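Letter by letter, the chains look like this.
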Amino acid sequence: MKHYALFKKILLPLAAISLTIGLISFAYIFNQHLAKIEAEANEETQKLSNLLITARTLVSEHVLSSMALLQQYASVEGQPSISGMTTLEDKQVPNLLFGNTPQTGKSILVDSVTRIGSGTATIFVKRDQHFFRIATNVKKADGSNAFGTELDTKGKAITQLLNNQTFYGVVDILGEAYLSRYEPMHDNKGQLIGAWYVGYKLNFNAIDQAIRQWGFLEKGFVAITDHQGSIRFLTAGVSRQRAIGALNNTHDEWKKVTREVPEWDFTINILYPASEAYWSALGALSPVLIITLVVALVALIALISGLRRFVLNPLGGEPETAKQLLMRIESGDFAEDNTTAEPGTLIANMVKMRRRLREMLSQIQANANRLKISSSVFEHATDAIFITDAHGLIVQCNPSFSAITGYSQNEVIGKPPQAFGLACHEPDFFESFYKPKTVQEWRGEVWNQHRHGQEYLTEFELSPVMNESGIFEHYVGLFSDITHAKEQQNKLEHLAYHDALTQLPNRILFSRRLQHALIEAEREQSLIAICYIDLDDFKIVNDQYGHEYGDKLLTQLASRLTGMLRPTDTIARLGGDEFAMLLCGCHTQAEYTRLLKRLLTAIEKPFAIDKFKFSISASIGYTLYPFDHHPPDTLLRHADHAMYHAKTHGGHQYHLFDLASAQQSQQQQTLLKDLLVAIQHNHIRLAYQPQASMQTGEIFCFEALLRWQHPVRGLLYPNDFLASVEHTTLIIDIGYWVIEEGLRQLSEWQKQGFNTQVSVNIAAQHLMHKQFTEQITSLLQKYPEIQPQQLHIEITESAAITDFARVNRVIQQCHALGVSFSIDDFGTGYSSLIYLRRLPVDIIKIDQSFVHNMLINQEDMAVIRSVITLCREFGRKVIAEGVEKAEQARILRSLGCDYAQGYGIARAMPGNKVVEWMSKHSPYQFD
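Because the structure is predicted, anything quoted here is derived from the model rather than measured.

Peer 1: Give a description of the overall build of the chain that names residues and reports values.
Peer 2: Each helix and strand in the chain was counted, giving 28 helices and 35 strands. Burial statistics for the chain: of 927 residues in total, 44% are counted as buried. Summing over all exposed atoms, the chain offers an accessible surface of approximately 49000 Å²; the carbon and sulfur share of this is 53%.

Peer 1: Give me the lowdown on the pattern of salt bridges, citing residues and values where you can.
Peer 2: Evaluation of the coordinates by the stated rule reveals 21 salt bridges. A salt bridge links aspartate 543 to lysine 539; the nearest nitrogen and oxygen atoms lie 2.8 Å apart. Taken together, the positions of aspartate 543 and lysine 539, both in helix α14 (residues 538-545) and four residues apart, correspond to about one turn of that helix. Residue lysine 539 is classed as partly exposed on the basis of its relative accessible area of 34%. Between lysine 920 and glutamate 916 there is a salt bridge; the shortest N-O distance is 3.6 Å. Here glutamate 916 and lysine 920 lie together in helix α28 (residues 914-921), a separation of four residues that amounts to about one turn. Using a relative accessible area of 43% as the deciding quantity, one classes glutamate 916 as partly exposed. Via salt bridges that share partners, Glu703, Glu794, Lys845 and Glu881 belong to a single interconnected network.

Peer 1: Describe the sheet that holds strand β16 (residues 442-449), naming the residues involved and giving the relevant values.
Peer 2: Strand order in the open sheet formed by five strands is β15-β14-β18-β17-β16, with antiparallel pairing between adjacent strands. Edge positions in the sheet fall to β15 (394-397) and β16, since each has one partner strand and no second. Across the sheet, the mean angle separating the axes of adjacent strands is 30 degrees when strand polarity is ignored.

Peer 1: Tell me what's going on with the pairing of strand β33 (residues 877-880), and back it up with residues and numbers.
Peer 2: Sheet faces and side chains relate simply in a regular strand, where the side chains alternate between the two faces. In the sheet, strand β32 (residues 843-846) pairs with β33 via four bridges, with the strands oriented parallel. Bridging across to β33, lysine 845 finds its partner in isoleucine 879. As paired elements, β33 and strand β34 (residues 899-900) share two bridges and run parallel to each other. The residue bridging alanine 880 from the neighbouring strand is alanine 900, located in β34. Taking the sense of rotation as the criterion, the β-α-β connection linking β33, helix α27 (residues 886-895) and β34 turns out right-handed.

Peer 1: Residues and numbers for the confidence of the model for the chain, please.
Peer 2: With 87% of its residues at a pLDDT of at least 70, the chain reaches an overall mean of 82. Between residues 1-6, whose pLDDT stays under 50, and residues either more than four places distant or in other chains, the model counts four contacts.

Peer 1: Requested: an account of the nonpolar core, with residues and values cited.
Peer 2: In this structure, Leu675, Phe702, Ile739, Leu743, Phe772, Ile793 and Phe821 are the most contacted members of the largest nonpolar core, which totals 83 residues. Here the element with the most residues in this core is helix α20 (residues 730-751); it accounts for ten residues. When near neighbours in sequence (up to four residues on either side) are disregarded, phenylalanine 821 contacts Leu767, His792, Ile793, Ile795, Ile811, Cys814, His815, Val841, Asp842 and Ile843. One finds Leu504, Ala521, Tyr622 and Tyr625 within the second-largest nonpolar core, a separate group that totals 52 residues.

Peer 1: Give a description of the sheet that holds strand β24 (residues 617-625) that names residues and reports values.
Peer 2: Overall, mixed pairing links the five strands, which are arranged β20-β21-β19-β24-β25 in an open sheet. Every interior strand has two partners, whereas the edge strands, β20 (570-575) and β25 (653-656), have only one. On average, each strand axis in the sheet is inclined to that of its neighbour by 20 degrees, with strand direction left out of account. Pairing of β20 with strand β21 (residues 578-583), which is carried by five bridges, proceeds in the antiparallel orientation. Counted as the bridge partner of threonine 570 is leucine 582 from β21. Docked against the sheet, helix α13 (residues 507-524) engages β19 (528-536), β20, β21 and β24, running at close to 25 degrees with respect to β21. Helix α16 (residues 589-604) contacts β19, β21, β24 and β25 of the sheet and is inclined by roughly 160 degrees relative to β24.

Peer 1: Outline the packing of aromatic side chains, supporting the account with residue identities and numerical values.
Peer 2: For the coordinates displayed, the defined rule picks out 30 aromatic pairs. Where phenylalanine 472 meets tyrosine 475, the ring centres are 5.0 Å apart and the plane angle is 55 degrees; that geometry is what we call tilted. Residue phenylalanine 472 is classed as buried on the basis of its relative accessible area of 18%. Geometrically, the ring pair formed by tyrosine 688 and tryptophan 749 is edge-to-face, given 5.2 Å between the ring centres and 70 degrees between the ring planes. With tyrosine 688 in strand β26 (residues 684-693) and tryptophan 749 in helix α20, this pair connects stretches of sequence that are 61 residues apart. The exposure classification of tyrosine 688 matches that of tryptophan 749, with both residues buried. Members of the aromatic cluster, each reached through a chain of ring pairs, are Phe386, Phe401, Phe429, Phe430, Trp442, Phe460 and Phe479.

Peer 1: I'd like a rundown of the packing of helix α26 (residues 858-874) against α27, residues and numbers included.
Peer 2: The N-to-C vectors of α26 and α27 enclose an angle of 35 degrees; their axes lie 10 Å apart at closest approach. Here the hand of the crossing between α26 and α27 comes out right-handed. Residues Met861, Ile864, Arg865, Ile868 and Arg872 of α26 pack against Ile891, Leu892 and Leu895 of α27. Per-class residue counts for the contact of α26 with α27 are six nonpolar, no polar and two charged.

Peer 1: Before we move on, can you summarise the side chain of aspartate 187 with the specific residues and values?
Peer 2: Mapped onto the fold, aspartate 187 is located in the loop between β7 (176-186) and β8 (192-201). One buried charged residue, aspartate 187, forms no salt bridge at all, with the nearest opposite charge on lysine 189 at 6.4 Å. In terms of polar contacts, aspartate 187 uses its side chain to reach the backbone amide nitrogen of lysine 189, at 2.9 Å. In contact with aspartate 187, other than residues within four places in its own chain, are Gln79, Pro80, Ser81 and Ile193.

Peer 1: If you had to explain unusual backbone geometry to someone new, which residues and values would you point to?
Peer 2: The general pattern is negative phi for most residues beyond glycine and trans for most peptide bonds. A cis amide bond, omega 20 degrees, links tyrosine 625 with the succeeding residue proline 626. One can find proline 626 in the loop between β24 and α17 (632-648). For the peptide bond that leads from serine 922 to proline 923, omega is -5 degrees, which places it in the cis range. When you line up the elements, proline 923 lands in the segment after α28. Although it is not a glycine, glutamate 89 sits at a positive phi angle of roughly 55 degrees. Mapped onto the fold, glutamate 89 is located in the loop between β1 (80-88) and β2 (91-98).

Peer 1: Explain α13 residue by residue, including any values.
Peer 2: End to end, α13 covers 25 Å across 18 residues, agreeing with the expected 26 Å (1.5 Å per residue, within 8%). The elements touched by buried residues of α13 are α12 (483-497), β19, β20, β21, β24 and α17.

Peer 1: Can you break down the packing of helix α22 (residues 772-782) against helix α23 (residues 804-817) residue by residue, with the values?
Peer 2: Remark: α22 packs on α23, axes separated minimally by 10 Å, with the N-to-C direction vectors making an angle of 20 degrees. Taken together, α22 and α23 sit at an angle that is classed as roughly parallel. Here α22 and α23 pass one another in a crossing that is right-handed. Of the residues in α23, those in contact with Phe772, Thr773, Ile776 and Thr777 of α22 are Val810, Gln813, Cys814 and Leu817. Residue composition of the contact of α22 with α23, grouped by class: five nonpolar, three polar and no charged.

Peer 1: Residue-level account of the environment of leucine 518, with values.
Peer 2: Within the secondary structure, leucine 518 is located in helix α13. Sequence separation between leucine 518 and histidine 629 is 111 residues, and the spatial gap between their C-alpha atoms is 9.6 Å.

Peer 1: Residues and numbers for the pairing of strand β13 (residues 266-273), please.
Peer 2: The buried fraction of β13 amounts to eight of the eight residues, a majority that puts the element mostly inside the structure. Bridge count between strand β10 (residues 220-225) and β13: five bridges; the pairing is antiparallel. Directly across from isoleucine 224, in β13, lies its bridge partner isoleucine 268. Bridging between strand β12 (residues 254-261) and β13 involves eight bridges; their strand directions are antiparallel. From the neighbouring strand, valine 261 faces β13, where its bridge partner is phenylalanine 266.

Peer 1: I'd like a description of α22, backed by residues and values.
Peer 2: Of the residues making up α22, those classed as buried are Phe772, Thr773, Gln775, Ile776, Leu779 and Leu780. An end-on view of α22 places all buried positions within 160 degrees of arc, on one side of the element. Among the structural elements, α20, β29 (758-762), α21 (764-767), β30 (791-796) and α23 are those in contact with the buried residues of α22.

Peer 1: Any details on the environment of proline 464? Residues and values, ideally.
Peer 2: Following the sequence through the fold, proline 464 ends up in strand β17 (residues 455-466). Note on proline 464: relative accessible area 21%, which makes it partly exposed. The contacts of proline 464, once residues within four sequence positions are left out, are Val439, Gln440, Glu441, Phe472, His474 and Tyr475.

What counts and what doesn't
- Residues numbered from 1 in each chain as written.
- Predicted model: local features only at pLDDT ≥ 70, side-chain atom pairs only at ≥ 80, totals over all residues.
- Heavy atoms only, no water.
- Helix = DSSP H or I, 4+ residues; strand = E, 2+ residues; numbered from the N terminus.
- Buried < 20%, exposed > 50% of the residue type's maximum accessible area, 1.4 Å probe, protein only.
- Areas by Shrake-Rupley, 256 points an atom, 1.4 Å probe, with all protein chains shown as cover.
- Salt bridge = Lys/Arg side-chain N within 4 Å of Asp/Glu carboxyl O.
- Pairing = 2+ DSSP bridges.
- Axes fitted to C-alpha atoms, helices over the stretch in contact; angles between N-to-C directions.
- Right-handed = clockwise from strand over helix to strand, strands pointing away.
- pLDDT = per-residue confidence, 0-100.
- Contact = heavy atoms within 4.5 Å.
- Core = buried A, V, L, I, M, F, W, Y, C linked by side-chain atoms within 4.5 Å.
- Phe/Tyr/Trp six-rings, centres within 6.5 Å; stacked < 30°, edge-to-face > 60°.
- Left-handed = near helix turned anticlockwise from the far one by under 90°.
- Nonpolar A, V, L, I, M, F, W, Y, C, P; charged D, E, K, R; others polar.
- Lys, Arg positive; Asp, Glu negative; His and termini not counted.
- Polar contact = N/O pair within 3.5 Å; in protein donor to acceptor, adjacent residues only side chain to side chain.
- Expected span 1.5 Å × (residues − 1).
- Parallel < 35°, antiparallel > 145°, perpendicular 65-115°, else oblique.
- Arc of directions from axis to C-beta.

This is the structure:
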């Protein structure tokens, strides 16, 4: 009974305590695993949030830049205003104008800013509290532009627009999600009259594919809902009915973790069955259950064994065995020797204790190995590391400290860091950290000095170390040499703000300096000049000699102009052959005029590149601040307008901005834009005027004459618009179109059984284009049924031909193909004989101004007689333009003129009327 009482008082309570501890541990680990599952779900929602935010960020730059471009293009047209009402899609809406140009139903501006990507743009007009789309490339469900549709009155954007505020975010437009920006539009009185919109459709396909693959646990899934609670994205394999049921679960069958994404107005939901989480937690507890079961089994065996063996075998073996085992443990020998005993006996407990001691020894050895690894990291770290005591003296440093500073470890121990060149520009740097109540962390950049004197920049960290009582003991310092990295950073910054070719400031840096200069000018009441430079005919250098020589010329020009400017001035390359200058320090317009004159003279001095010499000129436009008191972008635009005026008036000059020239420049730019649209939409066409033989009346050729049906100004003739584009590359596009359209018409006539020739007019710039012959060859190959002899090219005698050798070579190459040439308007220029002598043309056309007055003006008659005689001597044929009377035809025929053209024969007619006209007037009777 005594042994039973001992068991009841000691062993049984110990077993109960062990069981209680096991149950508490079980519950704690179980709840910890459930919390871990929930934390993992939260991490997944964060990843999904990052995915959505990244998708939004990828298109945000497109939205901002497209909005700026839309408003910039609109500003070229003029200030927004409302002029009465107009009809759009059976709706009465205010008539919105940009300048004098109506915008209702047009999509040119919005298309020009969203050509790349899936972007959309819209111009809204406000009627009462509603906004209507009057210019848009947003598509309806049927694929047509959404003209006349209304901005959702319950949407996110309209409230802010009505409050004159910008809205920026994700919205649904006609059933599609867009990252959108809405900005209010005001007239010159500040009244809200409409809105600007730019948006880019968000690529939900990539997001949907990613989220469809997303799951959680075995049966969990992801459901992303919008602000209305509708499911936008769902894990693959999960039905929407099941997902809605889980989202609305009220019986704790599902666990739900949510995260709001305000950038999208979405909610991310991760749902997983509660039962699956519980079974997962129980699965994690399986080792604990096994251990608990083993412990319980051992306890049970111990209890049963104790009842039976308290008296029979309390020791569990021989006393000598227990004594030897105890002596080995005492001596530190914990090795296994196959000693066994029944569980619960003294020897069994000793064997168990020896095993635990052996495990503890292994743990201590492992800790020692980790300390060795930490020491190895300290020794082999590439960053310099040093440790100071409470008095600021170094107590330890690593080899990298010696490698970077040049001082050995023995030299630095026991001395302050500043003695070895650390923070060499700040003598009191380290002392400030050891003053009372100033213990702190510090990170930043400091300059150090190497043992041999050279300075190097470091990224420096200083961290305090406290003991268990919170008392400061050490500082740990860490630094690395970032001199080379800083130099690379400076180079990258230089590339970001300078032109790669000329090393001049680029547009970004010029804008910053201009803003600073305007502030200085306001404070100092000084005068500054903002200039815009464009090189004249620089394209010829690139075309004839290649871009390599063009780049070298630009580099030399940049160096030459930089050498002439003062340190306070700035010259920047904006792109191509365009430059901007900021000039400071002069006090009057006359001083700036003299400076610009010297700059033009410097530009026109020859440039020597390799074995070639190049001579160029420039057109300079400038404006003066504060006389022209506008923001930086407007000032540069004004200088650009003035430059355009200088270029269109012959170049080789400078011009000060004034409102009249700016309006003229804007009109010319508007004309250019309208002409480009006309070409794209086939609003230009050709009319054909016959040319007849003076001797036989045979119609041998039709001259193709350009006509433009302008939507506002009506029918325009070449003299009304070609002068505005003759110095631009658009003149080449027009010439190419005219030649191809003439060949197409020839092909159409031949299908109707009518064979003739077509004469087309081209500009000198097109003729001197390096690919002119290749273009002609390509077009002739495109229409193989047309013989090259059927194409005739006319060159205007007053055209600015600057390279006779090149033009001569082009004409000879085209002659080899079979194409013939003529000189148009002969006699009106100052170099007629040069053209006649140096250009191998086939026909000379006498200008109609001489033919009109030949019957009453003897001087005009003398010119005609001389031209016909010269042409006969040079072996050229002659066409007289402007023949309207039979008497004119009779005299011209008697003088030996070969061909005639004019209203007396026929006016220019559409191509589809030529065959009918020929059936009635061939051969033509002059009498």
